[in-house]
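Single-letter residue listing:
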Number of protein chains: 2
Amino acid sequence: MEKFTRNQRISAITKILMENPNKIINLNTFTEKFNAAKSTISEDLIAIKDILSRLDMGKVETISGAAGGVKYVCGISKEDSRKFVEELCMILKDRERIIPGNFLYVTDLVFNPYIIQRAGLILASAFNKLDVNYVVTVETKGIPLAYEVAKMLGVQLVVVRRETKVTEGSTVTINYVSGSTNRIQNMSLPKKSIKSKSNCIFIDDFMKAGGTAYGIIDLLKEFDSKLVGIGVLIDNISIDKKLVNEYVSIVDFAGLDESNNAILYPSEKIKL
Amino acid sequence: MEKFTRNQRISAITKILMENPNKIINLNTFTEKFNAAKSTISEDLIAIKDILSRLDMGKVETISGAAGGVKYVCGISKEDSRKFVEELCMILKDRERIIPGNFLYVTDLVFNPYIIQRAGLILASAFNKLDVNYVVTVETKGIPLAYEVAKMLGVQLVVVRRETKVTEGSTVTINYVSGSTNRIQNMSLPKKSIKSKSNCIFIDDFMKAGGTAYGIIDLLKEFDSKLVGIGVLIDNISIDKKLVNEYVSIVDFAGLDESNNAILYPSEKIKL
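Being a predicted model, the structure only gives us computed values, none of them experimental. (Residues numbered from 1 in each chain as written. Chains lettered and ligands numbered in written order. Predicted model: local features only at pLDDT ≥ 70, side-chain atom pairs only at ≥ 80, totals over all residues. Heavy atoms only, no water.)

1. Details of the overall build of chain A
We apply this condition: We count a stretch as a helix when DSSP gives it H or I for four or more residues in a row; a strand needs E for two or more, and each element gets its number in order from the N terminus. Relative accessibility under 20% of the residue-type maximum defines a buried residue, over 50% an exposed one, and the middle range a partly exposed one, all with a 1.4 Å probe and only protein chains included. In this description, contact between two residues means that some pair of their heavy atoms is separated by no more than 4.5 Å. Neither His nor the chain ends contribute to the count of charged residues, in which Lys and Arg are positive and Asp and Glu negative. Where a charge lies is defined by one atom per residue type, namely NZ (Lys), CZ (Arg), CG (Asp) and CD (Glu).
Scanning chain A for helices and strands turns up 8 helices and 12 strands. By residue count, 55% of the 272 residues in chain A fall in the buried class. Counted over contacts in chain A with a minimum sequence separation of 6, partners at least 24 positions apart contribute 60%. Across chain A, the centroid of the 36 positively charged side chains sits 5 Å from that of the 32 negatively charged ones.

2. A few points about the pattern of salt bridges
In a structure, side chains of opposite charge can pair up when their charged atoms sit close to one another. Residues and elements named next belong to chain A. Heads up, the condition is: For salt bridges, the criterion is a side-chain nitrogen of Lys or Arg within 4 Å of an Asp or Glu carboxyl oxygen.
Applying the stated criterion to the full structure yields 28 salt bridges over all chains. Of the charged contacts in the structure, one is a salt bridge between Arg-161 and Glu-168, with a shortest N-O distance of 3.5 Å. Across the pair, Glu-168 and Arg-161 agree in class, each one buried. Shared partners join several salt bridges into a network, and the residues in it are Arg-6, Arg-9, Glu-43 and Asp-44.

3. With respect to the relation of the copies chain A and chain B
Put simply, the rule reads: When the copies are superposed, the least-squares fit takes in the C-alpha atoms of residues with a pLDDT of at least 70 in both.
The transformation that overlays chain A on chain B combines an axial shift of 0.0 Å with a rotation of 180°, and the residual RMSD is 0.0 Å. On this basis, the relationship between the two copies can be described by a two-fold rotation axis. A share of 100% of the interface residues of chain A reappears at the interface of chain B, consistent with the copies meeting face to face through the same patch.

4. Quick look at the UniProt feature "domain: Phosphoribosyltransferase" (unreviewed entry) in chain A
This is how it is decided: UniProt positions are given in the numbering used here, feature names are shortened, and annotations may be inferred rather than shown by experiment.
In the numbering adopted here, UniProt assigns the feature "domain: Phosphoribosyltransferase" (unreviewed entry) to residues 134-242 of chain A. Annotated as 20% helix and 40% strand, the span residues 134-242 of chain A places its first and last C-alpha atoms 24 Å apart.

5. What to know about the interface of chain A and chain B
Short version of the rule: Simply put, the buried area is the total loss of 1.4 Å probe accessible area from both parts when two parts are fitted together. Think of a polar contact as two N or O atoms within 3.5 Å of one another; within protein, one of them needs to be a possible hydrogen donor and the other a possible acceptor, and neighboring residues in sequence only count if both atoms come from side chains. Each residue is assigned to one class: nonpolar for Ala, Val, Leu, Ile, Met, Phe, Trp, Tyr, Cys and Pro, charged for Asp, Glu, Lys and Arg, and polar for all the others, Gly among them.
In this complex, chain A contributes 60 residues to the contact, which on the side of chain B involves 60 residues. Roughly 5,600 Å² is buried in total at the junction of chain A and chain B, and carbon and sulfur atoms are behind 58% of that figure. Considering only the side of chain A, the residues that lose the most area to chain B are Lys15(A), Arg54(A) and Tyr147(A), jointly responsible for 12% of the buried surface there. In this structure, the connection of chain A to chain B is made through 2 salt bridges. With its nearest N and O atoms 2.8 Å apart, the salt bridge here joins Glu148(A) to Lys151(B). Run the count over chain A and chain B and you get 34 residue pairs in polar contact (both at pLDDT 80 or more). Listed by contribution, the elements that provide at least two residues to the side of chain A that touches chain B are helix 1 (6-19), helix 2 (27-34), helix 3 (38-55), helix 5 (107-110), helix 6 (113-127), helix 7 (143-153) and strand 6 (156-160) of chain A. Looking at which element gives the most residues to the side of chain A that touches chain B, the answer is helix 1 of chain A, with 11 residues. Each residue belonging to the side of chain A that touches chain B can be placed in one class, and the counts come to 28 nonpolar, 13 polar and 19 charged.

6. Quick look at the side chain of Asn236(B)
Residues and elements named next belong to chain B. Counting through the fold element by element, Asn-236 comes out in strand 10 (residues 226-236). Exposure remark for Asn-236: the relative accessible area of 11% places this residue in the buried category. Once residues within four sequence positions are removed from consideration, Asn-236 is found in contact with Phe-206, Met-207, Lys-208, Lys-242 and Phe-253.

7. Notes on helix 1 (residues 6-19) of chain B
Note the cut-off: In this analysis, the expected span of each helix is defined as 1.5 Å times one less than the number of residues it contains.
The end-to-end C-alpha distance of helix 1 of chain B, which contains 14 residues, comes to 20 Å, matching closely the 20 Å that a straight helix rising 1.5 Å per residue would cover. Counting buried positions over the 14 residues of helix 1 of chain B gives 11, a clear majority of the element.

8. Some thoughts on the packing of aromatic side chains
Both the distance between ring centres and the angle between the ring planes are used here to describe each pair of aromatic rings. To keep it simple, the criterion reads: Stacked, tilted and edge-to-face are the three classes assigned to paired rings of Phe, Tyr and Trp, where Trp is represented by its six-membered ring and a pair needs centres within 6.5 Å; plane angles under 30 degrees give stacked, over 60 edge-to-face, the rest tilted. Lysine NZ or arginine CZ positioned within 6 Å of the ring centre and within 35 degrees of the ring normal marks a charge as sitting over the ring.
According to the stated counting rule, one finds 5 aromatic pairs over all chains in the structure shown. Summarising the aromatic geometry, the rings of Tyr147(A) and Tyr147(B) are spaced 5.9 Å apart at their centres and angled 75° between planes, so their arrangement reads as edge-to-face. Remark: Tyr147(B) occurs in helix 7 (residues 143-153) and Tyr147(A) occurs in helix 7; the pair is interchain, linking two chains. Pair check on accessibility: Tyr147(A) and Tyr147(B) agree, each one buried. For the pair Phe206(A) and Phe253(A), a centre-to-centre distance of 6.3 Å together with 70° between the ring planes defines the contact as edge-to-face. You can see Phe206(A) sitting in strand 9 (residues 199-207) and its partner Phe253(A) sitting in strand 11 (residues 248-256), a full 47 residues away along the chain. For Phe253(A), a relative accessible area of 5% puts it in the buried group. Here Lys192(A) stacks its cationic end above the ring of Tyr105(B), 4.6 Å away from the centre of that ring.

9. Some points on the domain arrangement of chain A
When the parts of a complex come together, some accessible area is lost, and that lost area is often used as the size of the interface. Residues and elements named next belong to chain A. Defined as follows: For the domains described, the bounds stem from an automatic or database domain assignment.
As far as domains go, chain A holds domain 1 (6-73) and domain 2 (78-266). For domain 1 versus domain 2, the separation of C-alpha centres amounts to 32 Å. Between domain 1 and domain 2, the residue contacts involve 5 residues of the former and 6 residues of the latter. Here domain 1 meets domain 2 over a buried area of about 470 Å², counting both sides, of which 46% is carbon and sulfur. Looking at the side of domain 1 facing domain 2, the largest losses of area belong to Pro-21, Asn-22 and Val-73, adding up to 66% of the total buried there. For the interface between domain 1 and domain 2, the tally reads 0 salt bridges. For the interface between domain 1 and domain 2, the tally reads 2 residue pairs in polar contact (both at pLDDT 80 or more). Considering only residue class, the side of domain 1 that touches domain 2 consists of 2 nonpolar, 1 polar and 2 charged.

10. Concerning the sheet that holds strand 9 (residues 199-207) of chain B
Residue and element names in this part refer to chain B. So the rule is basically this: Following DSSP output, two strands are said to pair if at least two bridges run between them. The axes are straight lines fitted to the C-alpha atoms, using for helices just the contacting stretch, and the angles between their N-to-C directions are given from 0 to 180°.
Across the sheet, 6 strands lie side by side as 6-5-9-10-11-12; this open sheet has mixed pairing. Of all the strands in the sheet, just strand 6 (156-160) and strand 12 (262-266) have a single pairing partner and so form its edges. Neighbour-to-neighbour, the strand axes of this sheet turn through a mean angle of 25°, independent of strand direction. As paired strands, strand 10 and strand 11 (residues 248-256) are joined by 5 bridges and run parallel to one another.

11. Focus on the packing of helix 1 of chain A against helix 1 of chain B
What counts here: In a left-handed crossing the near helix is turned counterclockwise from the far helix by less than a right angle, and in a right-handed crossing that turn is clockwise.
As a packed pair, helix 1 of chain A and helix 1 of chain B sit with axes 9 Å apart at the nearest point and diverge in direction by 35°. Relative to helix 1 of chain B, helix 1 of chain A is oriented so that their crossing is right-handed. When helix 1 of chain A is examined against helix 1 of chain B, the residues Arg6(A), Asn7(A), Ile10(A), Ser11(A), Thr14(A), Lys15(A), Met18(A) and Glu19(A) are found in contact with a partner set consisting of Arg6(B), Asn7(B), Ile10(B), Ser11(B), Thr14(B), Lys15(B), Met18(B) and Glu19(B). Partitioning the contact of helix 1 of chain A with helix 1 of chain B into residue classes produces 4 nonpolar, 6 polar and 6 charged.

12. Things to note about helix 7 of chain A
Residues and elements named next belong to chain A. When you tally the buried positions in helix 7, you get 11 out of 11 residues, the bulk of the element. Residues Ile-143, Pro-144, Leu-145, Ala-146, Tyr-147, Glu-148, Val-149, Ala-150, Lys-151, Met-152 and Leu-153 constitute the buried set of helix 7. Immediately downstream of helix 7, the backbone of Gly-154 shows phi near 70°, a positive value.

The structure is reproduced here in structure tokens:
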């Protein structure tokens, strides 16, 4: 049977851990794959743990017991986080992003893997310590970000639709009032999408008055489940009457200044 | 300044490469981060290259020249790929997935990071050698899969909407005929979302007659760009008149048998 050097095992184990964030991997998986003793694998893991914590790139936790093993818990250093958020603010300040109606064009960013991966890492790190069962979002622009957060937390993503579809089976539909436009809108979710007594977090690209987040709380009640956290990429802080109080955001958008430049800065709601 | 051991550098470099698939990273990034000579980093990279190729887990390519460096190109071993696709077929065969109208309920799977990450890796590996500028999908259920493929290929994701939105600026809208229902539908895309002369691939969760893919070809013409590949998670092969010929799929769905069980097997269109 093949033998591997320590360097080789460490590279491969790092890759496997990272591909399975928040999932417990039994040490036997590694001893079998690399034809090595448990003590050898344990030493490999110590080297990996050590470097991740030194560079503040997340951590490897050991879970003892029969169902035990190790798991990678995502994390990002304050320095990398701050650098990224400052870069994002610069990108957002581009004057060409202001489109008729004084909206900020962000469609390319919410579908840009470079941006979304880093933003997802920051938000997931903020909810790492909660016992989360599902990440919930509303179609369409928040989906990649919510997917990234769900992946990092090792849980299922649930996407609330604006209309019911024949391919979704029985659905639960609620009406809610959009906080910024005061219009009544629909939200639907397949009945089988959330188990009762679940803890959910809501992730979205943009927060205005928070009407959608407020609607999600109502929708989750229909599933006998509750919202334990809210995270958004951009918070429009020029709307000061918010329907929800506790949430984290990455960038604050304070409208346009007199020369029609977007006012943007790293949010105070996330600890950088 | 801090010093790192070879094991530590190898773990951290593996992580950084994997977080930036298909992006060229200059060796200076590593020499500065780890306070090490170029020759030392080169040796680290040789160990990483070696293990990835031995375990068939993707590869690290060296790009020479001034803008050169190394990049991680994703890949999955035939064995892991086959195991995953067989597991996916088993999951899909669950009788509870057949919902009124004889539809297959897949909503949970297309939003499940474990499934989508692996399916995305298989599809991205199929398009690795093409010069792709954008990954295109149509809202909503194909978004996580298309996002994963875009991330692995290191390119921008573009999501075609069913309606135009005020937050998207000027848009291009086309009409197309859905191949399976023969209904006329809309597709819209912001004007600034795709640069002219681009190569795009289309990724979706489900292929019926291929009307959507066919519509995408038309839509891309409006952007003076072309479709160079199509990849789907599930192909309904019981519809034999397809509007597109060349595409890759992961699972073939052949309808229901006499006892109302879904007929599913690993697709022949992907080399496993």
